[in-house]
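# A structural walkthrough
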Amino acid sequence: MMITPKKHPLSLFCLLACIFLSSLSHGQKLQNRNGKTVDFSGHWEMDYADSDNIQARLDTMVRELQRRAARQSNGNMNRSNSSMSMGSGSGYNSGPSVIGLAQMADMITQSQLLEVTQSDHEIKVKREQTFALSCEFYGDYFQTVETPFGNESCGWDSHQMLFRILLPEGVSIQHRFTLGPSGERLNVATTVVSDRVSYPFTLNRVYNRFEPGKSGISCEVTLTRGKVCTTEGSK
Amino acid sequence: MRSLLLAGILALLWGCSGSPDKNEASSSQSSEPQTVAVGDVNLRLPSGVPAEYALLDIGLVIFDPGIPKDPASLSKLGIFPEIRKAEARYLPYLLRRVLVDTQAWGAVRVLPKPDATAELQLTGKILVSDGSRLSVHIRANDASGRVWLDRAYTDVARTQDYPVALGGDPYIDLYRKISNDLLDFREKLSQDELARIRDVSLLQYAASLSPDAFAGFVTPDEEGNLVVRRLPAEDDPMLGRVQRIKNQEYLFIDNADEQYQELYDRMTPTYNLWRQNGRELAIYKEEYEERVANKEREGRRGTFAAMQQTYNAYSRSKEHDQDLDELAQGFNNEVAPTVMEVEGKVFRLNGSLESQYNEWRAILRSIFALETGLPPVE
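Residues numbered from 1 in each chain as written. Chains lettered and ligands numbered in written order. Predicted model: local features only at pLDDT ≥ 70, side-chain atom pairs only at ≥ 80, totals over all residues.

Here the focus is the sheet that holds strand S1 (residues 42-46) of chain A. All names here are of chain A. In spatial order, the strands read S4-S3-S2-S1-S10-S9-S8-S7-S6-S5; together these ten strands make up an open sheet with antiparallel pairing. Lying at the two open borders of the sheet, with one neighbouring strand each, are strand S4 (133-136) and strand S5 (143-147). Strand-to-strand twist across the sheet, computed as the mean angle between neighbouring axes with direction ignored, equals 20 degrees. Bridging between S1 and strand S2 (residues 113-118) involves four bridges; their strand directions are antiparallel. What sits directly across from His 43, in S2, is Glu 115. In this fold helix H3 (residues 95-108) packs onto strand S8 (171-179), strand S9 (185-194) and strand S10 (201-210), with an angle of close to 145 degrees to the strand it touches most, S9. (Pairing = 2+ DSSP bridges. Helix = DSSP H or I, 4+ residues; strand = E, 2+ residues; numbered from the N terminus. Axes fitted to C-alpha atoms, helices over the stretch in contact; angles between N-to-C directions. Contact = placed C-beta atoms within 7 Å.)

Okay, structure coming up:
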């Protein structure tokens, strides 16, 4: 459904869109290099041990911002620089904004289970307790969809699958799916960017492949009868 | 590659520069201009019992589902191909029922493919079809090639149209309007013109069986419409045979027609539910979008509260879309096997019809050759 936003402040949103799209033309390949897609399909469960610790990532980010602020203030000794301060105010790189970014990344990546279905031209990532990420890929370009609440784009970046969401109010989210060499591990790197913080926040979630338990019952959804289940043997 | 990206950027910027009207967006399934909804329509019946010459047989070809060739555009246009394929068989059958109800026509049959010799043939293309709106392009032409209808019809569903009453349809006015327009057109034709349509149909059919014997009876005029130049004698035995074969063919077509009725009966409850749920979801989404747009911002820009609000609005909107996808999947799980089954049966009928045809043609030509003493046509 191609509907553009109606009442949201769009100028910054559009600016971000321009920057985002123009960045594609410089560095990134939009299709798997071999012309073949990587098969992500299957059931995945989160491996907490190998996934990022949010506090550690936040600490790293804060240290990086402080380093940058220090470098900048050294270079501009005579100029006051409130924008790089890590205070509790409402300015650029403020404490609430930085912590807010980390909270966002944590909230977005809560799904413990993923179910990926994939065909030659489509991938769908069903995520526990939130909406599914889906992408249709026909040819070597990013599929873009506009909705009243944000613009999406997705496609292959070499062997990785990228989902990008540009939200109003200067927020963007990127999920980068990478399959491990054995095909048994999946890394989902989620990056959240805000126009109020000069550094993106990335959180890696690692998933292990698993086989869901066989109940011996196979179900499908119907409209008039709801969920209809049969024993597998009788199908 | 760069030019593509540039085009993408321009498209996005264009999108940022303004927002199309919601009605326009919701009806963006087809590039054809939208027509005004037909409104409330009463089914018109002929005044009195129609004369025999007016009872033209109608062939209703299953509709063109209007699925774009580019599969990448389907989700953007909100088209679910499997549902469209089912609708392409369902909608003509519904139109058939309305036409039959008028008792203004001869036999009304749903045909699996076009038949140029039909006395009156209707073809249709689905432009938009969802729980809120139905828009189809209908073309009707008689055997002589005269065009009766060639326009788009649109109807919109109202809240009171759901749940769909037994035997009803949310877009029944659209079918009534088509029926009324056909009747209007027919009533403008003279008795002679109507009789000629039937003659052309029969002679065209005869020519398709035996081109040599019936060549020259019907030829195109300056406008390309077929006209009868001469008629065989009323007691022409060849014509009698042609008529018998044609009746034989109808037996097969009526069998195919029964299959469409079966599809219609089995699909109706699911299809009505799909449209009702689809409409409710669309309305809910529309209202939700409006509520969110008017809602006050929570927290300062860049704070978690503000970002969460933005993300949640997006997330809910995605969930709405995915609910619709799941609904479509539920429809497919229930109806697709029936569509396949019916199509299989119709295909088998066509297969046997075709062999029967060939057999009949060979016999007819042999008889004709024996009677006339001419060499048989290869």
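That was the structure; now back to the text.
Per-residue pLDDT for chain B has a mean of 83; in total, 85% of the residues score no lower than 70. Contacts of residues 1-28 of chain B to residues separated by more than four positions or lying in other chains number 39 contacts, the stretch itself having pLDDT below 50. (pLDDT = per-residue confidence, 0-100.)

Through backbone hydrogen bonds, the strands of a sheet pair up, either in parallel or in antiparallel fashion. All names here are of chain B. Reading across from one edge, S2-S1-S3-S4-S5 is the order of the five strands in this open sheet, with mixed pairing throughout. For this open sheet the edge positions go to strand S2 (108-111) and strand S5 (147-156), each flanked by a neighbour on one side alone. Each strand of the sheet is rotated relative to its neighbour by a mean of 20 degrees, with strand direction disregarded. As defined by bridge partners, strand S4 (residues 133-142) adjoins S5 across nine bridges and the pair is classed as antiparallel. Within S5, the position partnered with Ser 135 by the bridge is Thr 154. Of the strands in this sheet, strand S1 (58-61), S2, strand S3 (120-129) and S4 touch helix H4 (residues 81-102), which is tilted by about 130 degrees from S3.

Where S1 of chain A and S10 of chain A come together, four bridges link them in antiparallel fashion. By the bridge assignment for S10 of chain A, Glu 45 of chain A is matched with Asn 208 of chain A.

A few words now on the environment of Arg 196 of chain A. Along the polypeptide, Arg 196 of chain A turns up in the loop between S9 and S10. Linking Arg 196 of chain A and Thr 222 of chain A, residues 26 residues apart in sequence, is a C-alpha distance of 46 Å.

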